[in-house]
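Tertiary structure, described
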Amino acid sequence: DSGVTQTPKHLITATGQRVTLRCSPRSGDLSVYWYQQSLDQGLQFLIQYYNGEERAKGNILERFSAQQFPDLHSELNLSSLELGDSALYFCASSAEGDGGTEAFFGQGTRLTVV
Amino acid sequence: GQNIDQPTEMTATEGAIVQINCTYQTSGFNGLFWYQQHAGEAPTFLSYNVLDGLEEKGRFSSFLSRSKGYSYLLLKELQMKDSASYLCAVRDTGTALIFGKGTTLSVSS
């Protein structure tokens with residue numbers, strides 16, 4: 001157990017809908033990273049938050065947004081969902097803002113858009 | 001651009017040694033990571049290299065050559081449970097990791 005908790009584990013929804021994925025980092029970690037993993041693309045970095053503020057942005061679509069709350073948990077919001085958004089979404093956390101030497105991954109949320 | 005290449009698949013037998021190579025071209029370099037991922041599960045951290053040379057950790061070792069943009073992960077005394085995907089990732093000038101597509105290793109008896 002990495003100590004990073006993601007909910008829900010599975011999510012099935014229809015095209016056009018909006019969903020929210022939740023992540024609780026390891027105790028004491030200030031950084032949260034979101035990644036998308038699809039079969040053909042591998043792990044793609046979406047966005048990082050550090051202590052409540054956006055730190056880095058990757059290939060995140062405009063339909064997607066995230067935030068980190070004062071208690072350091074983070075949410076990833078996906079809207080106007082398309083079939084191609086079906087993927088595993090991972091959250092990772094680390095203690096440092098610069099990523100440190102290790103990031104711990106949660107078990108992921110498997111999103112299926114039908 | 002950012003590019004990380006590793007073989008798509010490898011096979012090996014129990015007890016053997018296998019080397020998984022990774023080459024990278026990134027705008028900057030601030031560390032190279034190896035992760036193991038079993039199907040449908042979270043990636044788990046294996047190793048981190050930021051200086052040239054070999055880092056050994058039990059049955060796993062990782063090597064880095066920054067001038068060549070090259071790393072390898074060496075797995076010794078292979079076990080069936082080592083069947084998984086191995087992900088090479090580079091942190092360039094930012095804080096997030098850029099991952100390769102992974103190498104699926106199949107270990108047979």
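Refer to the structure printed above.
Residues numbered from 1 in each chain as written. Chains lettered and ligands numbered in written order. Predicted model: local features only at pLDDT ≥ 70, side-chain atom pairs only at ≥ 80, totals over all residues. Heavy atoms only, no water.

Quick look at the overall build of chain B now. Scanning chain B from N- to C-terminus turns up zero helices and eleven strands. Each helix (α) and strand (β) of chain B, taken in turn from the N terminus, gives the series β-β-β-β-β-β-β-β-β-β-β. In terms of C-alpha radius of gyration, chain B reaches 13 Å, essentially the compact-globule figure of 13 Å for 109 residues. Counting the 109 residues in chain B, one finds 50% classified as buried. Pairs at least 24 apart in sequence give 55% of the contacts found in chain B among residues at least 6 apart. Roughly 5,200 Å² of accessible area belongs to chain B as shown, and the carbon and sulfur atoms make up 48% of that amount. (Helix = DSSP H or I, 4+ residues; strand = E, 2+ residues; numbered from the N terminus. Rg over C-alpha atoms; globule rule 2.2 N^0.38 Å. Buried < 20%, exposed > 50% of the residue type's maximum accessible area, 1.4 Å probe, protein only. Contact = heavy atoms within 4.5 Å. Areas by Shrake-Rupley, 256 points an atom, 1.4 Å probe, with all protein chains shown as cover.)

Moving on, we come to the packing of aromatic side chains. Residues and elements named next belong to chain B. Evaluated as defined, the whole model comprises 15 aromatic pairs over all chains. For the pair Tyr-24 and Phe-29, a centre-to-centre distance of 5.2 Å together with 20° between the ring planes defines the contact as stacked. Tyr-24 sits in the buried class, given a relative accessible area of 9%. Summarising the aromatic geometry, the rings of Tyr-35 and Phe-99 are spaced 5.8 Å apart at their centres and angled 55° between planes, so their arrangement reads as tilted. (Phe/Tyr/Trp six-rings, centres within 6.5 Å; stacked < 30°, edge-to-face > 60°.)

Now for the pairing of strand E3 (residues 19–24) of chain A. Residue and element names in this part refer to chain A. The side-chain alternation of E3 yields one buried face, formed by Val-19, Leu-21 and Cys-23, and one unburied face, formed by Thr-20, Arg-22 and Ser-24. In this sheet, E3 lies alongside strand E1 (residues 5–7) in antiparallel orientation, the contact comprising three bridges. Bridge pairing in E3 places Thr-7 opposite Arg-22. Bridge count for E3 against strand E8 (residues 74–78) is five bridges, and the pairing is antiparallel. Its bridge partner lying in E8, Arg-22 is registered against Glu-75. (Pairing = 2+ DSSP bridges.)

The next thing to look at is the sheet that holds E8(A). Residue and element names in this part refer to chain A. Read across the sheet, four strands follow the order E1-E3-E8-E7 without closing on themselves; strand pairing throughout is antiparallel. Only two strands of the sheet have a single partner each, and these edge strands are E1 and strand E7 (64–68). Averaged over all pairs of adjacent strands, the angle between their axes in this sheet comes to 15°, without regard to strand direction. (Axes fitted to C-alpha atoms, helices over the stretch in contact; angles between N-to-C directions.)

Further remarks concern the pattern of salt bridges. One pass over the structure, following the stated rule, counts six salt bridges over all chains. Between Asp85(A) and Arg63(A) there is a salt bridge, with the nearest N and O atoms lying 2.8 Å from each other. Placement of Asp85(A) in the loop between E8 and strand E9 (87–94) and of Arg63(A) in the loop between strand E6 (53–57) and E7 is noted, with a sequence separation of 22 residues between them. Here Asp85(A) matches Arg63(A) in class, with each residue buried. Ionic pairing is found between Arg66(B) and Asp52(B), a salt bridge with its closest N-O pair at 3.0 Å. (Salt bridge = Lys/Arg side-chain N within 4 Å of Asp/Glu carboxyl O.)

So, about unusual backbone geometry. All names here are of chain A. The omega angle of the peptide bond from Thr-7 to Pro-8 is -10°, so this bond is cis rather than trans. Although it is not a glycine, Leu-72 adopts a positive phi angle of roughly 80°. Tracing the backbone shows Leu-72 in the loop between E7 and E8. Here Leu-72 falls in the buried class, since its relative accessible area comes to 16%.

All names here are of chain B. A complete count under the given rule lists two disulfides over all chains for this structure. Across the disulfide, Cys-22 is cross-linked to Cys-88 (sulfur-sulfur distance 2.0 Å). Its torsion about the S-S bond being -70°, the disulfide of Cys-22 and Cys-88 is classed as left-handed. In this pair, Cys-22 sits in strand E3 (residues 18–25) while Cys-88 sits in strand E9 (residues 84–91), placing the two residues 66 residues apart along the sequence. (Disulfide = S-S within 2.5 Å.)

Bringing the interface of chain A and chain B into the picture now. In this complex, chain A contributes 23 residues to the contact, which on the side of chain B involves 16 residues. Both faces combined, the contact of chain A with chain B buries some 1,500 Å², and carbon together with sulfur accounts for 56% of it. Taken together, the links from chain A to chain B amount to three residue pairs in polar contact (both at pLDDT 80 or more). (Buried area = accessible area lost by both parts, 1.4 Å probe. Polar contact = N/O pair within 3.5 Å; in protein donor to acceptor, adjacent residues only side chain to side chain.)

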